[in-house]
Amino acid sequence: MTSDNEAADAQPVSPLRGMRVLELSGEISGPYCTKLFVDAGAEVIKVEPPAGDPLRHWTASGTRLPQGSDGALFQYLNASKRSISLDLSSESGGATLREIAASVDLVVESRPPGEMDAMGLGYERLREGNPGLCWVSISGWGAEGPCADRPYTEFTLQAATGSTGYRGLPGRMPVYAGGRFGEWIAGSFAAVGGMLAWLSARNTGSGQSVDVSMFEAMLLCMTIYHDLNGQWVEGPLARGLELPSIEPAKDGWVGFCTITGQQWKDFCSMIGRQDVGEDEKYFDGRARMKNFAFMQEVIHGWTRERSVEEIVELAILLRIPVAPIGDGRSLPNMDHFIEREVYRQNPAGFVQPRKPYRLGDAPDLPIGTAPRLDEHAVEVKAECATLRPVRQSAEGTGPLPLTGLRVVDLSAFWAGPFVTAVLADMGADVVKVESIQRPDGMRFAGARPGEQMWEWSPVFHGANPGKRDVTLKLDSEQGQALLRRLIADADVVVENFAPRVLDNFGLGWETIHEWNPRAIMVRMPAFGLDGPWRDRTGFAMTIEQVSGLAQMTGYEDLPLVVRGACDPVGGAHGVFALLMALENRRRTGVGELVEVPLVETALNLAAEQVIEYSAYGQLLSRDANRGPVSAPQGIYACAGDDNLLALAVATDEQWQALVSLIEEHGGPREEWWASATPELRRERHDEIDARLSGWLAKQDLNQITESLTSAGVPAAPVINAHYILPNEQLESRQFYQTLTHPVTGSTRYPGLPMAFSALSRQLHRSPPPMLGQHNEEILGGELGLTEEELEGLREQQIIGKRPSFM
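The model shown is predicted, which means the values in this text are computed figures rather than measured ones.

Before going further, it helps to spend a moment on the overall build of the protein chain. Per the secondary structure count, the protein chain includes 32 helices and 26 strands. By the compact-globule yardstick of 28 Å for 806 residues, the protein chain fits well, its C-alpha radius of gyration being 26 Å. Based on the C-alpha atoms only, the size of the protein chain along its principal axes is roughly 80 × 70 × 50 Å. In the protein chain, which comprises 806 residues, the share counted as buried stands at 61%. Excluding contacts between residues fewer than 6 apart, the proportion of contacts in the protein chain whose partners are at least 24 apart in sequence is 76%. Element-wise, carbon and sulfur atoms account for 48% of the exposed surface of the protein chain, whose accessible area totals about 29600 Å². A distance of 1 Å separates the average location of the 72 positive side-chain charges in the protein chain from that of its 106 negative side-chain charges.

What follows is the structure, encoded as structure tokens:
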């Protein structure tokens, strides 16, 4: 752990120096979005209501704060910002906001849809005095659509995406992912949307609005493209978990992840059960889940006899993804994070993670203090009279901000491909490089068996629209020579392997920089480019296990992984980091290395655990479907088979509405309910659950959902992820785009979880590419190889269109 004020030879860089951001938001999503801008050097003015951001009074552990002090999570999210308090319903408050808005580049707001417009302070009104102003709106369902005003909490949105429904053990209730994860996800995408809108405004001279839907962001990240898989596989998605996953050791919990067939075989060898590893029926994870009891017996018989340290050491030798289960107490003390100086001291005295990416060797900007409520009112008002955003002349490349950007995509699986898919949607020309000896491993994960199965993976399809694809054998002289020619004309190179992989090919940063000094290289290893864990293999589930996300998810007696979410969220941070590097190159003319360790993005999203323990000595943990925001909160069975309802009461008004609705439907009533405070509801949660369970068991799921939401109570059916459609909100907002793939035919693809006012929502220019689909177009048409030369490469298996092992 280091002090943020320690001297360093390199100087901090501020890619967004001079950018001014106005934050009209509280809680987590908006403040995390603007925190990413602060960390990159932008100035953020936080406009708060007279009572302040509610997060000022928040602790997840329920720790009581001293009078006049702010919660540690608030101080983490709002460090280095300035605060002004305004009553926006008043004439003077509205006038001041208009003055501030005339002096900024970007507004980030998370008020209920339509509220700003109703006060005469909506986007169109504010941009009258600032035509280049960009605006990011974050809401639960999206600012438009038939469900825009439907009550929600992050808990009920998880159920509506299908994420909750497939997480858990058969015979037990499914469980949500803890830690308000969806709010952090929405903030991550809001930052990306804000940057892209700002870049577009620089191109065109005109600002635009970005409508970020938390529901869509969670759907994109917290289900593993099950909406795609549901088009190809009949029947519901079975509830379950990966095997192996988080397993009991002699002295705690240890996490595994066996995505590939080889990793499964190696795991079985490690535990001395080669017979199980060689049984082909268990190559499919679904078959392991069907034999859950047998698998537990096999796995636990070995893990319970060994310590976590012993297991981790042995698994690493076999390159099996493995991790200890991190929590708020243990994380800052792990050797890898100590050596990489991941945790820093906040001026308020607690420990927090640093920003989740590095630009070259530049250190982070110092962590400032969080503002007191209205601390900067006088200076903010004074400067508004003189400051105006610096508007450069339009560069004329159109509203897609990355038009003309050339990207060589060496990445695989999910996080890296997600980065380049966003770049493709925003106008970049992305060339994905694979080989027939080692295609992208995600082509086979969850793929439908049969001919050309490598073209049937839902995750590959979801993370690769809009790209072109070539195959090159990179351990051959000819393959590397062709790659060098591709990179010589590229702006960006993206990869997400363990560092040793590209190092073994001789394709590290030094080589790329020598080949093309203007190229930016984005590297996204699981654990970073240095430190004791640098060469460990890690997938999203590994990251969830070690980062603390699994600590907050699952049953009291069994932590569970979120399942994959760290990849696309890490990808969103990768996009943001790349955009910062492009801003640096705009000033210097030189490319740089961008490091985005997947684990450090997760540590930022799970930061509250370390912050709470450091600030208050409170160790946060999972509690099945209960959480610190709402009470009651849970999943309840309605009439019929497996008809489950997610219900969460976050406010006293919602509680009174629920009590009234129960009475109208002839349900149970307790005298103390009329005056039940949040503290009392939490204390007597078991009693409330028993009453609610009995009442809801007699209700029709769809009818009671409609009654509850109409009364203002957040509720949603626990959707099976294969049946996300039909969904009137997603259809109204055109979240999906149908494209014709050469193998899978007409296929429906999810888009970005945000609507840009100057862009169509149908941003995918083409379906995901087939293996080697563009060899002739790129190697022949663009690099100039003759047909004879191409045929020679095919014969030597340097290029091809079918995996060499199939």
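That covers the picture; the talk isn't over yet.
Those residues of helix α14 (residues 308-317) lying buried are Val 308, Ile 311, Val 312 and Ala 315. The arc enclosing the buried residues of α14, seen along the axis, measures out at 95 degrees, which places them on a common side. Within α14, the exposed residues directed more than 90 degrees away from the buried face are Glu 309, Glu 313 and Leu 317. Residues of α14 that are buried in the fold lie against β7 (246-249), β8 (252-256), α10 (261-270), α13 (292-303) and β9 (322-324).

Moving on: the sheet that holds strand β20 (residues 593-595). Strands sit in the order β12-β20-β17-β16-β13-β14-β15 across an open sheet of seven strands; the sheet is mixed. Where the open sheet ends on each side, the last strands, each with one partner, are β12 (358-359) and β15 (468-471). Strand direction decides the pairing type here: strand β16 (residues 492-495) and strand β17 (residues 520-523), joined by four bridges, are parallel. Looking at β17, one finds that Val 492 is bridged to Ile 520. Here helix α31 (residues 775-782) sits on the sheet and contacts β13 (406-409), β14 (429-434) and β15; the angle it forms with β15, its principal contact strand, is near 80 degrees.

All right, on to the packing of aromatic side chains then. Scanning all chains against the criterion turns up 20 aromatic pairs. On the numbers, 5.0 Å between centres and 70 degrees between planes, the contact of Phe 256 with Phe 267 is edge-to-face. Here the residue Phe 256 occupies a position in strand β8, and Phe 267 occupies one in helix α10, the gap between them amounting to 11 residues. Comparing Phe 256 with Phe 267 shows no difference in burial state: the two are buried. Ring centres 5.0 Å apart and planes at 75 degrees place the aromatic pair Phe 735 and Tyr 736 in the edge-to-face group. Summarising the burial analysis for this pair, Phe 735 and Tyr 736 share the class buried. The rings of Phe 337, Tyr 343, Phe 527 and Trp 533 are connected pair by pair, giving a single aromatic cluster. A cation over an aromatic ring shows up here: Arg 150 above the ring of Trp 141, its NZ or CZ 5.5 Å from the ring centre. Its guanidinium or amino end placed over the ring of Tyr 555, Arg 172 lies 3.9 Å from that ring's centre, counting from NZ or CZ.

Where like charges cluster on the molecular surface, the negative patch consists of Asp 251, Glu 309, Glu 310 and Glu 313. Looking at the element boundaries, Glu 313 is found in helix α14. Note on Glu 313: relative accessible area 53%, which makes it exposed.

This part takes up the pairing of β7. Of the two faces of β7, the one carrying Ile 246 and Pro 248 and the one carrying Glu 247 and Ala 249 are both buried. Relative to β8, β7 runs antiparallel, the two being bridged by four bridges. Residue Pro 248 lies in a different strand from β8, and its bridge partner there is Trp 253.

Another aspect to go through is the state of the cysteines. Under the counting rule described, the total for this entry stands at zero disulfides. Cysteine Cys 384 remains unbridged, with the sulfur of Cys 134 as its closest cysteine sulfur at 18 Å.

The next subject is the confidence of the model for the protein chain. A residue-level look at the protein chain finds 98% of positions with pLDDT of 70 or above and a mean pLDDT of 95. Across residues 1-8, confidence stays below pLDDT 50; counting only partners more than four residues off in sequence or on other chains, it has 15 contacts.

Thresholds applied
Residues numbered from 1 in each chain as written. Predicted model: local features only at pLDDT ≥ 70, side-chain atom pairs only at ≥ 80, totals over all residues. Heavy atoms only, no water. Helix = DSSP H or I, 4+ residues; strand = E, 2+ residues; numbered from the N terminus. Rg over C-alpha atoms; globule rule 2.2 N^0.38 Å. Buried < 20%, exposed > 50% of the residue type's maximum accessible area, 1.4 Å probe, protein only. Contact = heavy atoms within 4.5 Å. Areas by Shrake-Rupley, 256 points an atom, 1.4 Å probe, with all protein chains shown as cover. Lys, Arg positive; Asp, Glu negative; His and termini not counted. Charge placed at Lys NZ, Arg CZ, Asp CG, Glu CD. Arc of directions from axis to C-beta. Pairing = 2+ DSSP bridges. Axes fitted to C-alpha atoms, helices over the stretch in contact; angles between N-to-C directions. Phe/Tyr/Trp six-rings, centres within 6.5 Å; stacked < 30°, edge-to-face > 60°. Lys NZ or Arg CZ within 6 Å of the ring centre and 35° of its normal. Patch = residues over 30% accessible without salt bridge, like charges linked within 9 Å, V, L, I, M, F, W, Y side chains within 5 Å. Salt bridge = Lys/Arg side-chain N within 4 Å of Asp/Glu carboxyl O. Disulfide = S-S within 2.5 Å. pLDDT = per-residue confidence, 0-100.

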